[in-house]
Amino acid sequence: ALIKRADKIIPDEPPEYHMGTNKEQLWLRDVATNIMILSLAYKISGDTKYKDEAKTWVDAGIGYPTWGMENCANCDLAAGAMFVSVACHYDWLFHELTDEEKAAIVADFAVRGVDMNNGSWYDSNYLQNHLWIARGGLYVAAAAIYDVHAPAVKWFNTADQSYKSIFKYLGAETSDGASHEGFGYYTYGLTSMIYYLDIADKFMNIDYSNHAYLKNAYRYMSNMVVPGTYNKGDVMIWSYGDQTKFASLVPCRACIYCFIYKQPRIAVVG
């Protein structure tokens with residue numbers, strides 16, 4: 001399945017840099033996804049066409065002047081995704097990249113990493129997916145280049161301190177594994193949390209595996225994907241407190257804002 005996805009990317013060219021319709025520049029997430037798919041396709045198959053195409057996308061990505069703009073410049077969702085994918089490309093293909101290609105990635109991370117390490121509006125929003133994703137991306141970038149770029153060692157500490165607070169406020173003893181942000185943001189944020197958890201365990205011997213949030217996450221997932229509920233046309237689960245479903249609401253936004261201002265029809269279940 002992965003190879004099929006990679007084959008569909010081959011005919012495409014990386015997009016030209018453009019400002020986008022919002023400061024987050026979320027179109028960069030597709031660039032990051034393609035870099036990851038192509039790099040992994042090469043590792044799986046050994047076919048150099050995937051390696052060559054991955055390099056093309058990486059060159060384009062690190063050539064873009066910003067990964068996000070304004071208070072999202074190199075420090076929010078787009079940057080988190082790009083850090084992870086380019087870092088994996090750098091690591092997985094390390095022995096097959098030229099010195100110049102490796103140096104270009106390190107130099108790019110060295111600049112953008114300062115912005116990501118400095119953070120943004122989400123710094124103390126410990127239960128917010130933006131912080132999880134930003135700090136997860138920063139940690140992966142640090143793991144990739146810390147041995148050749150000493151300042152990146154500080155990035156480990158920045159992310160460690162953020163995640164220490166994240167897990168504190170998730171409730172070490174009482175968390176039921178649910179997310180107040182809804183199922184979509186839950187899966188999005190948890191992915192970057194897993195990036196952090198894996199590397200933190202290997203590099204710093206930091207282990208949150210016994211935290212109640214992680215131990216109960218599967219329960220939330222199971223309840224949210226009951227057939228005929230989540231993201232089925234105009235009916236979905238609203239994951240605030242007990243399980244609730246409603247119609248007349250855009251499926252991608254399960255949050256208290258929509259509940260208050262769009263006044264959907266509510267039917268409590270469970």
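See the structure shown above.
Cut-offs used in this document
- Position numbers for residues count from 1 along each chain, tracking the sequence in the order it is written.
- Residues qualify for local features only when their pLDDT is at least 70, as the model is predicted, and side-chain atom pairs are given and counted only at 80 or more; totals for whole chains, interfaces and linings, by contrast, use all residues.
- Values reported for side chains reflect all heavy atoms of the structure, with hydrogen atoms and water molecules removed beforehand.
- Numbering of helices and strands runs from the N terminus, with a helix taken as a DSSP run of H or I at least four residues long and a strand as a DSSP run of E at least two residues long.
- Each residue's exposure class comes from its accessible area (1.4 Å probe, protein chains only) as a fraction of the maximum for that residue type: buried when under 20%, exposed when over 50%, partly exposed otherwise.
- Contacts are assigned to residue pairs with any non-hydrogen atoms lying within 4.5 Å of each other.
- The Shrake-Rupley method, run with a 1.4 Å probe, gives the accessible areas here. Residue values count only the displayed protein chains as cover.
- Only buried residues count toward a nonpolar core, which is a set of Ala, Val, Leu, Ile, Met, Phe, Trp, Tyr and Cys residues joined through side-chain atoms within 4.5 Å.
- For the purpose of charge, His is not counted, nor are the chain termini; Lys and Arg are scored as positive and Asp and Glu as negative.
- Between Lys or Arg on one side and Asp or Glu on the other, a salt bridge is scored when a side-chain nitrogen of the former is within 4 Å of a carboxyl oxygen of the latter.
- Under the convention used throughout, the expected extent of a helix is 1.5 Å for every residue step, that is, one less than its residue count.
- Throughout, bend refers to the angle between the axes fitted to the seven residues that end at a position and the seven residues that start at it.
- In this analysis, rings of Phe, Tyr and Trp, with Trp reduced to its six-membered ring, are considered paired at centre separations within 6.5 Å, and the interplanar angle assigns stacked below 30 degrees, edge-to-face beyond 60, and tilted for intermediate values.

Draft legend 1. Geometry of the overall build of the protein. Counting secondary structure elements, the protein contains 10 helices and 3 strands. Here the protein holds 270 residues, and 49% of them are scored as buried. Within the protein, contacts between residues separated by at least 24 positions form 65% of all contacts whose residues are at least 6 apart in sequence. Taken as a whole, the protein presents about 13,400 Å² of accessible surface, with 54% of it coming from carbon and sulfur.

Draft legend 2. Representation of the nonpolar core in the model. In this structure, Trp 67, Phe 109 and Met 193 are the most contacted members of the largest nonpolar core, which totals 70 residues. With 11 residues, helix H6 (residues 129-145) is the largest single contributor of residues to this core.

Draft legend 3. Spatial organisation of the side chain of Lys 102. Along the chain, the position of Lys 102 falls in helix H5 (residues 99-118). For the buried residue Lys 102, which engages in no salt bridge, the nearest side chain bearing the opposite charge is Asp 99, 4.1 Å off. Ignoring anything within four residues of it in the chain, the contact list for Lys 102 reads Tyr 90, Phe 94 and Leu 97.

Draft legend 4. Up close: helix H9 (residues 212-224). When the terminal C-alpha atoms of H9 are compared, their 18 Å separation across 13 residues agrees well with the 18 Å that a helix rising 1.5 Å per residue should span. When the local axis directions of H9 are compared, the greatest deviation, roughly 30°, occurs at Tyr 218. By the burial criterion, the buried members of H9 are Ala 212, Tyr 213, Asn 216, Ala 217, Tyr 220 and Met 224.

Draft legend 5. Spotlight on the packing of aromatic side chains. Across all of its chains, the model carries 18 aromatic pairs by this definition. Judged by centre distance (5.5 Å) and plane angle (5°), the ring pair of Tyr 126 and Tyr 169 falls under stacked. Of the two residues, Tyr 126 is situated in the loop between H5 and H6 and Tyr 169 in helix H7 (residues 153-170); the sequence distance between them amounts to 43 residues. Of the residues examined, Tyr 126 reaches a relative accessible area of 22% and is grouped as partly exposed. Classification of Tyr 169 by relative accessible area gives partly exposed; the value is 47%. Aromatic ring contacts, followed pair by pair, group Tyr 139, Tyr 146, Phe 156, Tyr 163, Phe 167, Tyr 196, Phe 203 and Tyr 208 into a single cluster.

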